[in-house]
Amino acid sequence: MAKMQFKINKSSLMQRRNNYGYLFVSHWLLGLVLFFVFPLFSSIAYAFSNLQLTNDGLQLEWVGLEHFLYIFNDDVKYMDNLRDSVTSLLTALPIIISLSMILAVILNSEFKGRTIFRSIFFLPVILANSVAMQVLSRPDMDVPLFSMSSGETMEGGGSMIDFTAILADLQLPQAISDLFEGYLANLFNLIWSCGVQTILFLAGLQSIPKQLYEVGRIEGCSRWETFWFLEIPSLRNIIQLVLIYTMIDQFTSLSSPVMSQATELMFSQQMYDRSSAMLWVYFLIVGVVMGVVLLAFNRLCVKRWE
Amino acid sequence: MTKTKQVNSPLKTYSSSRIRGIVVSIFASLLRYVFLIAFSYILLYPLIYILTHAFRAGVDTTDPTVVWIPKNLSWEPMQKAIELMDLPNSLFSTLKFEVVSAIISTATCGVAAYGMARFQFKGRAILNVILILTILIPASIVLIPNYMNFYDFNPFGIVHLIEDIFKTDLNTSLLNTVWTFWLPALTGVGIRAGFYIYIYMQFYKGLPKELEEAAWVDGCGPWMTYLRIVVPSSGVSVLTVFMLSVIWHWNDYYNALMYISDGTTMAVNLSNFVSALKLFDGTAGTLTTDAPMSACLIFLLPVLIMYICLQKRFITSIASTGIVG
């Protein structure tokens with residue numbers, strides 16, 4: 001009985017304490033309603049109506065699914081862009097993940113000049129997606145290395161090896177060499193989008209307890225075995241986080257085809273209604289793709305590692 | 001993993017495996033350096049390019065023998081960049097609009113994250129889902145609705161109600177004022193704020209609860225516990241969020257483009273720089289000056305200096321605490 005009493009008292013005290021949580025999130029709740037939830041619903045409303053900018057503000061006229069039908073039936077570019085966005089993400093994802101993991105493993109080991117290399121490898125965090133990089137990658141700026149990413153072939157002057165010729169010499173099947181050519185053309189972008197991921201992996205590697213490595217050493221693991229059987233399974237949560245981050249980063253980056261089409265429509269043609277419809281379709285498809293990737297990762301990898 | 005090597009004679013295998021070990025380690029470290037230097041080149045390339053071009057005289061831009069190191073240095077591209085970037089003004093408005101709201105965000109997101117991480121209040125699960133949504137949904141979806149929001153600022157219909165009651169026109173357009181940036185920052189929904197809240201939450205969850213319990217037992221209120229106990233011991237996460245927040249605010253382009261129509265920020269000026277330069281020079285084709293590189297240098301310099309000052313603490317803190325794990 002006494003125990004019971006104690007429990008009840010404690011829970012009510014905890015409840016009272018927990019209500020202080022509202023105090024901490026109150027300003028955020030206000031902001032969410034004003035600047036996120038409400039705008040989100042109005043953007044859904046935009047997607048289903050015709051917008052007219054007048055002096056009194058926006059005039060909405062309900063048109064139902066007209067914009068969606070236009071996007072799917074009449075807009076030639078949209079479906080192509082959608083396909084490009086998804087396929088380019090799915091091909092870039094394994095490269096980004098493995099590249100950043102390799103970098104993190106290297107940066108985690110002891111060697112001379114580690115701090116300098118670490119600070120160089122975190123540079124993309126401040127420089128990637130920067131306006132300065134957009135200026136550099138403008139086609140009329142003609143900066144070597146950057147012009148590679150726009151799919152043009154390199155003209156001399158640059159200091160890169162002609163990988164395309166080597167690929168052609170190897171006489172691989174067309175599909176594989178196309179895939180590699182795509183990677184090489186985007187090599188610059190791919191390396192540049194590894195910054196945050198490398199940090200995440202490095203942090204994850206640092207949090208693996210030293211005892212596990214010790215056990216591995218006593219058991220006679222080689223470095224390679226340590227990597228596959230110790231580090232990767234311990235990093236499974238981080239890998240999941242990196243997958244999510246990378247997908248969001250790639251999908252919402254303004255260089256992704258659908259995003260650039262939608263923002264172009266928004267800013268230069270002021271067609272907010274149609275661009276919202278585009279973004280919402282895109283967002284739903286992105287959600288499905290992310291769900292499938294995460295589910296596959298959980299089924300195929302995490303289950304086996306646990 | 002469980003395979004054991006056949007050992008014939010301890011002495012012999014010791015020496016040969018040792019030699020093998022040395023060869024392998026030399027080869028491995030050589031490979032590592034080659035790999036790292038190759039990658040560093042790609043990562044440093046834009047910076048080197050900007051630095052070597054920022055002070056290049058006009059003669060050198062058409063000289064094919066000049067690749068990296070310029071033969072003639074001059075201030076001329078720099079002066080042009082400063083003039084076209086509208087420098088003192090745009091720097092001031094970047095500080096006023098973006099950097100201040102970055103600092104506000106660093107503070108307010110921490111408070112919200114503490115509430116989410118430590119208190120099991122009702123509706124927390126829904127807020128968690130909304131938090132993930134704020135990270136997932138691209139900001140451009142809510143950009144136009146928010147523009148309309150600020151164009152005629154009317155939270156919950158209160159302003160219109162007051163206007164109706166007193167029969168006045170309050171003219172509550174917030175466009176071109178700092179509030180378009182400060183209000184979202186103050187309420188924890190600024191640029192990429194969901195991400196900062198997420199980082200803080202991960203960190204607060206990892207903090208030992210006992211310290212706060214002790215403060216609580218000693219009669220500290222929730223605010224005092226947060227300010228006296230939690231904030232002083234979360235220097236690492238504050239530093240990380242502050243750095244990311246300043247960088248992302250500094251690079252913010254679309255918000256500034258939408259909300260500020262005169263006296264805009266450096267990011268907007270930089271992104272319009274090339275077309276402004278062409279208009280200024282009256283040339284349509286390729287550029288004959290390296291002024292865009294000087295403009296990039298001006299734009300990046302403050303962030304780079306901040307990075308160089310903070311990077312040692314930032315990297316060691318991230319690497320040693322595993323802030324995201």
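Structure shown above.
What you are looking at is a predicted structure, and each value in this text was computed from that prediction instead of being measured.

Caption draft 1: Here's a closer look at the overall build of chain B. Each helix and strand in chain B was counted, giving 16 helices and zero strands. Per-residue burial for chain B yields a buried fraction of 48% across its 325 residues. Relative to all contacts within chain B whose residues are 6 or more apart in sequence, the contacts with residues 24 or more apart total 71%.

Caption draft 2: Layout of the overall build of chain A. When you go through chain A residue by residue, the secondary structure sums to 16 helices and two strands. A total of 306 residues make up chain A; the buried ones form 45% of that total. Taking contacts inside chain A between residues at least 6 apart in sequence as the whole, the part at least 24 apart equals 65%. Element-wise, carbon and sulfur atoms account for 62% of the exposed surface of chain A, whose accessible area totals about 16300 Å².

Caption draft 3: Highlighting the packing of helix H4 (residues 87-118) of chain B against helix H8 (residues 179-186) of chain B. Residues and elements named next belong to chain B. Between H4 and H8, whose axes approach to 8 Å, the crossing angle comes to 10°. The angle between H4 and H8 falls in the class roughly parallel. Residues Lys96, Phe97, Glu98, Val100, Ser101, Ile104, Ser105 and Thr108 of H4 touch H8, and the partners they reach there are Phe181, Trp182, Ala185 and Leu186. Here the residues of the contact of H4 with H8 sort into seven nonpolar, three polar and two charged.

Caption draft 4: Layout of the interface of chain A and chain B. Every contact between the two is made by 90 residues of chain A and, on the other side, 97 residues of chain B. Summing both partners gives a buried area of about 8800 Å² for chain A against chain B, and 79% of it is carried by carbon and sulfur. The largest share of the area that chain A buries against chain B comes from Phe24, Trp28 and Phe35 of chain A, three residues that together contribute 10% of it. The tally of links between chain A and chain B comes to zero salt bridges. Sort the elements by how many residues they give to the side of chain A that touches chain B and helix H1 (residues 2-47) of chain A lands first, with 24 residues. Of the residues assigned to the side of chain A that touches chain B, the class counts are 65 nonpolar, 16 polar and nine charged.

Caption draft 5: Focus on helix H2 (residues 66-74) of chain A. Residue and element names in this part refer to chain A. Inspection of H2 places His67, Phe68 and Ile71 among the buried residues, and these make up the whole buried set. For H2, the angular spread of buried residues about the axis comes to 105°, placing them on one side. Facing away from the buried side of H2 by over 90 degrees, the exposed positions are Asn73 and Asp74.

Caption draft 6: Structural context of unusual backbone geometry. All names here are of chain B. Phi angles above zero are rare outside glycine, and asparagine 176 is one such case at about 70°. Along the chain, the position of asparagine 176 falls in the loop between helix H7 (158-166) and H8. The class for asparagine 176 is partly exposed, based on a relative accessible area of 33%.

Caption draft 7: Summary view of the nonpolar core. Core analysis: the largest hydrophobic core is formed by 175 residues, its most contacted members being Trp28, Phe201, Met247 and Phe251 of chain A together with Tyr204, Leu270 and Phe299 of chain B. Looking at which domains feed residues into this core, each of domain 1 (2-47) and domain 2 (74-305) of chain A supplies at least three. Those residues within four positions of phenylalanine 299 of chain B in sequence are excluded, and the remaining contacts are Ser130, Val131 and Ala132 of chain A together with Met85, Trp250, Asn251, Met266, Ala267 and Leu270 of chain B.

Conventions adopted
Residue numbers restart at each chain and count upward from 1, following the sequence in its written direction. Chain letters start at A and ligand numbers start at 1, both assigned in the order the entries are written. Only residues with pLDDT of at least 70 get local features here, since the model is predicted, and only at 80 or more are side-chain atom pairs given and counted; chain-wide, interface and lining totals rely on the full set of residues. Note that the side-chain values use all heavy atoms of the structure and ignore hydrogens as well as water. Numbering of helices and strands starts at the N terminus; helices are DSSP runs of H or I of at least 4 residues and strands are runs of E of at least 2. Exposure classes here rest on a 1.4 Å probe applied to the protein chains alone. A residue is buried below 20% of its type maximum, exposed above 50%, and partly exposed in between. Note on contacts: a residue pair is in contact if any heavy atoms of the two residues lie within 4.5 Å. The Shrake-Rupley method, run with a 1.4 Å probe sphere, supplies the accessible areas, and residue values consider only the shown protein chains as cover. What counts as an axis is a line fitted to C-alpha atoms, over the stretch in contact for a helix, and the angles between N-to-C directions run from 0 to 180 degrees. Throughout, the term roughly parallel applies to angles under 35 degrees, roughly antiparallel to angles over 145, roughly perpendicular to angles from 65 to 115, and oblique to all others. Following the grouping adopted for this structure description, the nonpolar residues are Ala, Val, Leu, Ile, Met, Phe, Trp, Tyr, Cys and Pro, the charged ones are Asp, Glu, Lys and Arg, and the polar ones are all others, Gly among them. Buried area is a sum: the accessible area each of two parts loses on coming together, probed at 1.4 Å, counted once for each and added. Salt bridges are defined by distance alone: a side-chain nitrogen of Lys or Arg within 4 Å of a carboxyl oxygen of Asp or Glu. Working note: the arc is built from the helix axis to C-beta atom directions. To qualify as a nonpolar core, a set must consist of buried Ala, Val, Leu, Ile, Met, Phe, Trp, Tyr and Cys residues joined through side-chain atoms within 4.5 Å. Those domain boundaries reflect an automatic or database domain assignment.

By themselves, these figures tell us nothing about what the structure is for.
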